[in-house]
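Fold and geometry: a report
Spelled out from the first residue to the last, the chains are:
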Amino acid sequence: QKEVEQDPGPLSVPEGAIVSLNCTYSNSAFQYFMWYRQYSRKGPELLMYTYSSGNKEDGRFTAQVDKSSKYISLFIRDSQPSDSATYLCAMRGNQGGKLIFGQGTELSVKP
Amino acid sequence: GAGVSQSPRYKVAKRGQDVALRCDPISGHVSLFWYQQALGQGPEFLTYFQNEAQLDKSGLPSDRFFAERPEGSVSTLKIQRTQQEDSAVYLCASSPTGQSYGYTFGSGTRLTVV
């Protein structure tokens, strides 16, 4: 079993929909949680980051971390066709160094 | 440059050939990471440098893989005697420190072994 599990999709939604993306993890040492967006043939770009449990909002994006359930979420409000990409969750412990990534969820937002 | 630069963008190698992939991190970034991303998968950690010191190489799949960062800036990932299972995108990332929240990734080198 992988340390980080993420549904690969694909997920297809109409423009303007609310999108919910999720990851579960098994390592209780993870403290830093990130969401990356990856367009085709590009490297991942950081969208959101959260330390420990809680919520964080940035424009149309909200990241949630529930450490008791080992579950993290990314919500996208008023989704746009330009949001079509693969979304990767990533996490690491306190000591820095390597990130552990989920498999990525492929999202398509239809006009 | 403003971002992480990787070269070449694409590399086709015959099975058994040696390849060298280059990463130019953001100037001044202390930490540098190499990841391998297979098709349809998330990036998998290969190795991590802080300045010129290789602090973690636990993700390197075999002794055919070797990475270096001799002057604490540019890094090279070398794969000897390439095999078909080495076909993947190799991503490099850098960060100001190892404690940073997020790392800036390059666009990767797509390696195809035929």
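Residues numbered from 1 in each chain as written. Chains lettered and ligands numbered in written order. Predicted model: local features only at pLDDT ≥ 70, side-chain atom pairs only at ≥ 80, totals over all residues. Heavy atoms only, no water.

1. Examining the overall build of chain B
Scanning chain B for helices and strands turns up zero helices and 11 strands. For chain B, the N- to C-terminal ordering of α and β elements is β-β-β-β-β-β-β-β-β-β-β. A compact globule built from 114 residues should have a C-alpha radius of gyration of about 13 Å, and chain B, at 13 Å, falls within 12% of that. Reported as C-alpha extents along the three principal axes, the dimensions of chain B are approximately 35 × 25 × 25 Å. Residue burial in chain B is summarised as follows: out of 114 residues, 46% are buried. (Helix = DSSP H or I, 4+ residues; strand = E, 2+ residues; numbered from the N terminus. Rg over C-alpha atoms; globule rule 2.2 N^0.38 Å. Buried < 20%, exposed > 50% of the residue type's maximum accessible area, 1.4 Å probe, protein only.)

2. Considerations on the overall build of chain A
Along the backbone of chain A there are zero helices and 11 strands. When the helices and strands of chain A are listed from N to C terminus, the series reads β-β-β-β-β-β-β-β-β-β-β. Taken against the 2.2 N^0.38 rule, which gives 13 Å for 111 residues, the C-alpha radius of gyration of chain A at 13 Å falls within 12% of a compact globule. Along the first, second and third principal axes, the C-alpha set of chain A runs to 40 × 25 × 20 Å. Scored against the burial criterion, the 111 residues of chain A give a buried share of 44%. Sequence separation of 24 or more characterises 55% of the internal contacts of chain A that already satisfy a separation of 6 or more. For chain A, the computed accessible surface area is about 5300 Å², with 46% contributed by carbon and sulfur atoms. Averaging the positions of the 12 positive and the 11 negative side-chain charges in chain A gives two centres separated by 7 Å. (Contact = heavy atoms within 4.5 Å. Areas by Shrake-Rupley, 256 points an atom, 1.4 Å probe, with all protein chains shown as cover. Lys, Arg positive; Asp, Glu negative; His and termini not counted. Charge placed at Lys NZ, Arg CZ, Asp CG, Glu CD.)

3. Comments concerning the state of the cysteines
All names here are of chain B. The final tally for this structure, using the stated rule, is two disulfides over all chains. Each disulfide pairs two cysteine sulfurs, and for Cys 23 the partner residue is Cys 92, the sulfurs being separated by 1.9 Å. Its S-S torsion of approximately -65° makes the covalent link between Cys 23 and Cys 92 left-handed. Highlighted residues: Cys 23 in strand β3 (residues 19-24) and Cys 92 in strand β9 (residues 88-95), separated in sequence by 69 residues. Each member of the pair, Cys 23 as well as Cys 92, is classed as buried. (Disulfide = S-S within 2.5 Å.)

4. Digging into the pattern of salt bridges
Residues and elements named next belong to chain B. Enumeration according to the criterion identifies six salt bridges over all chains in this entry. For Asp 24, the salt bridge identified is with Arg 22, shortest N-O distance 3.0 Å. Linking Asp 86 and Arg 64 is a salt bridge whose minimum nitrogen-to-oxygen distance equals 2.8 Å. Placement of the pair is Asp 86 in the loop between β8 (75-79) and β9 and Arg 64 in the loop between β6 (53-56) and β7 (65-68), with a sequence separation of 22 residues. Relative accessible area serves as the criterion here: at 3%, Asp 86 is assigned to the buried category. The class for Arg 64 is buried, based on a relative accessible area of 8%. (Salt bridge = Lys/Arg side-chain N within 4 Å of Asp/Glu carboxyl O.)

5. Quick look at the packing of aromatic side chains
Tallied over the entire structure, the rule returns 12 aromatic pairs over all chains. A centroid spacing of 5.6 Å and a plane angle of 85° characterise the contact between Phe101(A) and Tyr35(B), whose relative ring orientation is edge-to-face. Residue Phe101(A) is found in strand β10 (residues 100-101), and its partner Tyr35(B) is found in strand β4 (residues 31-37); the two belong to separate chains. Ring-pair connections join several aromatic residues into one group, and the members of that group are Tyr36(A), Phe101(A), Phe33(B), Tyr35(B), Phe45(B), Tyr48(B), Tyr103(B) and Phe105(B). The ring of Tyr49(A) carries Lys56(A) above its face, with NZ or CZ at 3.6 Å from the centroid. Its guanidinium or amino end placed over the ring of Tyr32(A), Arg92(A) lies 4.2 Å from that ring's centre, counting from NZ or CZ. (Phe/Tyr/Trp six-rings, centres within 6.5 Å; stacked < 30°, edge-to-face > 60°. Lys NZ or Arg CZ within 6 Å of the ring centre and 35° of its normal.)

6. A look at the environment of Ser82(A)
Residues and elements named next belong to chain A. Assignment of secondary structure puts Ser 82 in the loop between β8 (71-76) and β9 (85-92). The partly exposed category is assigned to Ser 82, whose relative accessible area is 49%. C-alpha of Ser 82 to C-alpha of Ser 52: the two residues are 30 residues apart in sequence and 29 Å apart in space.

7. Side note on the environment of Arg15(B)
Relative to the helices and strands, Arg15(B) resides in the loop between β2 (10-13) and β3. Setting aside residues no more than four positions away along its own chain, Arg15(B) makes contact with Thr82(B), Gln83(B), Val113(B) and Val114(B).

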